[in-house]
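# Structure at a glance
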Amino acid sequence: MLQNGMDSPLILLAGLLIGLLLIVLPIMLAAKMLKARRYGFGWALLAFLLAGLISILAYLLLGLVAGIAGLPNFLVGLLSLLISLWAAAFAYAKMLRSSQLTGLGIYLISTVMQIILYIAILTALLFSSGMSMDQAKSQIQQMLDKEKITALHNLDQAGLAVCACGEDAQCAQDAMQNYSVMLAQVQTQEYYIEIQNTVHNYTGAAEQCERDASASKLTTDSEAGEQAVSGAAQAADEKVPAKQPKSISRLVYKEVSLQKLHDYENYPVRLTTRDGDVQEGRLEFGLGKDVVLDQAVKGGTFSPHLSLENIAKLEVQVREEVIIPE
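Here goes a summary of the coordinates provided. Within each chain, residues carry numbers counting from 1 in the order of the written sequence. Selection of residues for local features in this predicted model requires a pLDDT of at least 70, selection of side-chain atom pairs for listing and counting requires 80 or more, and totals for whole chains, interfaces and linings are taken over all residues. In computing side-chain values, all of the structure's heavy atoms are included and hydrogens and water are not.

## A word on the side chain of Ser55
Applicable threshold: Secondary structure is summarised from DSSP: a helix means a run of H or I of at least four residues, a strand means a run of E of at least two, and numbering begins at the N terminus for each. Accessible area is worked out with a 1.4 Å probe on protein chains only. A residue is then buried under 20% of its type maximum, exposed over 50%, and partly exposed in between. Here, two residues are considered to be in contact whenever any of their heavy atoms come within 4.5 Å of each other.
Here Ser55 shows up in helix α2 (residues 41-69). For Ser55, a relative accessible area of 11% gives the class buried. In contact with Ser55, not counting residues within four places along its chain, are Ser84 and Ala87.

## Side note on helix α6 (residues 169-187)
Note the cut-off: Take the number of residues in a helix, subtract one, and multiply by 1.5 Å to get its expected span. We call two N or O atoms a polar contact when they sit within 3.5 Å, provided that within protein one can donate a hydrogen and the other can accept it, with sequence-adjacent residues counted only if both atoms are side-chain atoms.
The terminal C-alpha atoms of α6 lie 26 Å apart, and with 19 residues this matches the ideal 27 Å at 1.5 Å per residue to within 8%. Among the residues of α6, those classed as buried are Ala169, Ala172, Ala175, Met176, Tyr179, Leu183, Ala184, Val186 and Gln187. Capping the start of α6 is the job of one residue whose side-chain oxygen sits 3.3 Å from the backbone nitrogen of Gln170: Asp168.

## Concerning the pairing of strand β3 (residues 278-285)
The test is simple: Pairing between strands is defined by DSSP: at least two bridges between them are needed.
As defined by bridge partners, strand β2 (residues 268-273) adjoins β3 across 5 bridges and the pair is classed as antiparallel. Residue Leu271 lies in a different strand from β3, and its bridge partner there is Gln279. Connecting the antiparallel pair β2 and β3 is a turn made up of 4 residues, with Gly276 showing a positive phi of about 90 degrees.

## What to know about the pattern of salt bridges
Going by this rule: Should a side-chain nitrogen of Lys or Arg be within 4 Å of a carboxyl oxygen of Asp or Glu, the pair is scored as a salt bridge.
Evaluated as defined, the whole model comprises 3 salt bridges. A salt bridge links Glu280 to Arg270, with the nearest nitrogen and oxygen atoms 3.8 Å apart. You can see Glu280 sitting in strand β3 and its partner Arg270 sitting in strand β2, a full 10 residues away along the chain. Among the ionic pairs, Lys313 bridges to Glu315, the shortest N-O distance being 4.0 Å. Look at Glu315 and you get buried, because its relative accessible area is 9%. One network of salt bridges, in which partners are shared, links Arg270, Glu280, Lys313 and Glu315.

## Focus: α2
Counted at 1.5 Å a residue, the expected span for α2 with its 29 residues is 42 Å, and the 42 Å between its end C-alpha atoms agrees. Looking at α2, one finds that the buried residues are Ala44, Ala47, Ala51, Ile54, Ser55, Leu62, Gly63 and Ala66.

## Some thoughts on the environment of Val292
Within the element layout of this structure, Val292 appears in strand β4 (residues 290-294). Here the alpha-carbon distance between Val292 and Arg282, two residues 10 residues apart in the chain, equals 8.0 Å.

## A few points about the state of the cysteines
For the record, the criterion: Working definition: a disulfide is two cysteine sulfur atoms within 2.5 Å of each other.
The final tally for this structure, using the stated rule, is 2 disulfides. There is a disulfide in this structure between Cys163 and Cys209, and the S-S distance comes to 2.0 Å. Its S-S torsion of about 85 degrees marks the bond between Cys163 and Cys209 as right-handed, since a negative value means left-handed. With Cys163 in helix α5 (residues 133-163) and Cys209 in helix α7 (residues 192-236), this residue pair connects regions lying 46 residues apart in the sequence. Given a relative accessible area of 8%, Cys163 falls into the buried group. The side chain of Cys165 participates in a disulfide bridge whose partner is Cys171; the two sulfur atoms lie 2.0 Å from each other. In this structure the cystine formed by Cys165 and Cys171 twists about its S-S bond by roughly -55 degrees; its chirality is therefore left-handed. Residue classification places Cys165 among the buried positions, given a relative accessible area of 11%. Disulfide partners in the chain, listed by the sequence order of the bonded cysteines, are 1-4, 2-3.

Shown next, in the form of structure tokens:
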């Protein structure tokens, strides 16, 4: 038991060292090829870390600016690419003592080397484990899907936080600001194009709740002013019309019968499998008895194929009007 306990940290440490070598060695080779003044292991590692730090800070700032200014998606993607190239050129040039152009060349060449190494190692692992390429793609797709589902879940919860404020306009504005920051960060991700339809639904619901809260505040203020001016006239009138109940709109999932699954093709749904896994997406039907949750605009698959026999629960996304109590 002691030996097994010691093996796990050693394996983890070995994996980290191998991963570090796969990142740094191509940078060292590219720096030496392009005759940079520095090409040692430490300087190459510092160049990689500095480029990553600058990129992360720039992406966060870009996300805030994109959310406030409402920049289009293609412009956000283009700016993200330019930022990553500039950050790499600057960091590699400073750490490896070269020109900006040489720094950019080191980054591009080392990136190509890293990709080749990753493909070679992945191919070797596939052959050694007996896993097919389709199985490997399926596992990679599942990991990507979890990131998308997590992003959608966080946006959904942030949107519900806006609607939970009810008539409190200040609360709704603060919650909407938090939602906008989160939305801007999601818009900088590569997979955003695949989930933007669902994101737009969440955003529309959150914005509507924020508008309702602001309108409710204005209505309350105006009613107070009118009552101060014409209180006597309203008191004399015995037939005061009843107030219309206020309501807020929100997107929720409603459970429906699995027998009606085919009635909700192209609907946003949430499926729960028999082993407890939850998948969200736009409902499509594959070959045979397979279900596909497709969120792609350009043909990409949002979620792996699911077998009808493995589905335990079906929920359909609908817009619900909730009456606000007086």
